[in-house]
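Spelled out from the first residue to the last, the chains are:
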Amino acid sequence: MDFEYGIIGGGPAGYTAAMNLAKQGHSVVLFEKNKLGGTCMNNGCIPTKSLIHASEMYSALKKHGVTLDFSEIIAKKEQTVEKIRKSLELAVKNSGVKTIYAEAYIKDKNTILAENEEYKARKIFAATGSKPRELKGLEFDGNFILSSDDVLNLQELPKSVLIVGSGAIGIEWARIFSNFGVEVTITEMAEHLIPIADIEVSKRIERIFKQKEIKYYLKDSIAKIENKIVTLNSGVEISPDFILVAAGRVPVKPECEDVCVLGDSCGEIQLAHYAIHQANEKTLNIPFNKALTPSVIYGEPEIAWVGLREQDMDETCQKKMLPITALGKSWCDEATDGFIKLIIKDDLIYGAHIVSKEASSLIHILLLAIQKKIKAEELKEICFAHPTYAEGIFEVLK
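Report on the accompanying structure.

Thresholds applied
- Residues numbered from 1 in each chain as written.
- Predicted model: local features only at pLDDT ≥ 70, side-chain atom pairs only at ≥ 80, totals over all residues.
- Heavy atoms only, no water.
- Helix = DSSP H or I, 4+ residues; strand = E, 2+ residues; numbered from the N terminus.
- Expected span 1.5 Å × (residues − 1).
- Buried < 20%, exposed > 50% of the residue type's maximum accessible area, 1.4 Å probe, protein only.
- Contact = heavy atoms within 4.5 Å.
- Pairing = 2+ DSSP bridges.
- Patch = residues over 30% accessible without salt bridge, like charges linked within 9 Å, V, L, I, M, F, W, Y side chains within 5 Å.
- Areas by Shrake-Rupley, 256 points an atom, 1.4 Å probe, with all protein chains shown as cover.
- Salt bridge = Lys/Arg side-chain N within 4 Å of Asp/Glu carboxyl O.

1. Notes on helix H3 (residues 45–61)
- For H3, built from 17 residues, the straight-helix expectation of 24 Å at 1.5 Å per residue is met to within 8% by its first-to-last C-alpha distance of 24 Å.
- Residues Pro 47, Thr 48, Ser 50, Leu 51, Ile 52, Ala 54, Ser 55, Glu 56 and Tyr 58 constitute the buried set of H3.
- Each element contacted by the buried residues of H3 is listed here: helix H2 (38–43), helix H4 (70–95) and helix H5 (168–179).

This is how it looks when you write it as structure tokens:
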């Protein structure tokens, strides 16, 4: 069978590229060995956000005697994922893409093999995604040592859990388990939690975790495991029900080098929105500034950032900060922990870092200002509604 374009992988990069090309009138075949939506929809962004929401609702209501049925929460998570996935499947179908649910292999730069059949394509895109990173001595067994994929299949809550790593995956799962009343311990080899974040963001999350009685050990790692007793290099002993290895993900790279590689399989920025914009760049010629890809970690409070961090700035930069307590909306919402922080040089914003409710939305106002070089003084001319978190952007610039 002949097509103009063949795409392997139905995650954000793959389905975006496929629909873009089909809508331009090209013949497109898309191969997916499992379910459309990729890691984000099936094993990452969507299911974890559903669990974060449920855990926060439970945490807020348990003092009123609300009891927890974890199996119902898991069922609701699955329903949410399925509903969004079916909407995606319909959108892909209506765009004119031919979808084949089968494992596919690249024979050469113009040939794809699937189910013992050859598919010819003028151009092939490989969006083969990523998989959880395994650490030596912490190989996944699906029982005591779990991956971020495995943990989504839990049918009951543990009493205690040890999380290895404090990136987005580790922080979000720490919040989920803690909200559900699980005893949580994190071990992180770096000097601070969320080591890729601005230093003040890391320190604030450390303070919040102490308040929530989430234990963490920095500059530490697992030395040995005997009879499910974990000993850290610092000598601390922990007896968790299981270990969640949250050490990020590694690309699943195609074997053929003569194809266009998109999404997580590139080994660049492993975020769904990065993959989508990368696909748009390749298929719609819409450029985007990769260095200004925003990062968000969900839960209460949200964490979001883009651009220059404090530890990267020099003496020509200045920082401006506003505590969230300065905003009336934060008191109304009982969400007063956090801040808005800007790094400014020559009246232009080069970095924005937010710990706050609604941080995932606020960061885009500042991203727009950074990318379009809107001066700080010009931002002050915008009339922000009151009471909102967004007015904090005006307040921090005063």
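So much for the structure itself; the text now carries on.
2. Details of the environment of Arg 85
- Following the sequence through the fold, Arg 85 ends up in helix H4.
- Arg 85 sits 58 residues away from Asn 143 along the chain, and the two C-alpha atoms are 28 Å apart.
- Setting aside anything within four residues of it in sequence, one finds Arg 85 in contact with Lys 35, Leu 36, Met 41 and Asn 42.

3. Focus: the pairing of strand S6 (residues 117–126)
- Sheet analysis places strand S1 (residues 2–8) next to S6, joined by six bridges and oriented parallel. Bridged to Tyr 5 within S6 is Lys 123.
- Bridging between strand S5 (residues 111–114) and S6 involves four bridges; their strand directions are antiparallel. Looking at the pairing, Ala 114 lines up with Glu 117 of S6.
- Linking S5 back to S6 in an antiparallel pair, the connection comprises two residues, with Glu 115 at a positive phi of about 50 degrees.
- Alignment of S6 against strand S17 (residues 260–261), held across two bridges, turns out to be parallel.

4. As for the sheet that holds strand S9 (residues 160–164)
- Here five strands make up an open sheet; going across it, the order is S8-S15-S9-S10-S11 and the pairing parallel. A single partner strand is all that each edge strand has here, and the edge strands are strand S8 (145–146) and strand S11 (215–218).
- One ladder, built from two bridges, connects S8 with strand S15 (residues 242–245); its direction is parallel. From the neighbouring strand, Ile 145 faces S15, where its bridge partner is Ile 243.

5. Thoughts on a nonpolar patch on the surface
- Nonpolar side chains collect at one region of the surface, where Met 57, Leu 61 and Val 66 lie side by side and expose about 230 Å² of accessible area between them.
- Within the element layout of this structure, Val 66 appears in the loop between H3 and H4.
- For Val 66, a relative accessible area of 37% translates into the label partly exposed.

6. Thoughts on the environment of Met 1
- Residue placement: Met 1 occurs in the segment before S1.
- When the C-alpha atoms of Met 1 and Glu 118 are compared, they prove to be 6.9 Å apart, with 117 residues separating the residues in sequence.
- When near neighbours in sequence (up to four residues on either side) are disregarded, Met 1 contacts Glu 117, Glu 118, Tyr 119 and Lys 120.

7. Observations regarding unusual backbone geometry
- A cis amide bond, omega -15 degrees, links Glu 300 with the succeeding residue Pro 301.
- Relative to the helices and strands, Pro 301 resides in the loop between strand S18 (295–297) and strand S19 (302–307).
- The omega torsion of the bond from His 386 to Pro 387 falls at -5 degrees, within 30 degrees of zero and hence cis.
- With respect to the helices, strands and loops of the structure, Pro 387 is situated in the loop between helix H10 (376–379) and helix H11 (391–397).
- Positioned with a positive phi, Lys 219 is a non-glycine residue whose angle comes to about 50 degrees.
- Mapping Lys 219 onto the fold places it in the loop between S11 and strand S12 (222–226).
- Lys 219 gets classed as exposed once you look at its relative accessible area, which sits at 60%.

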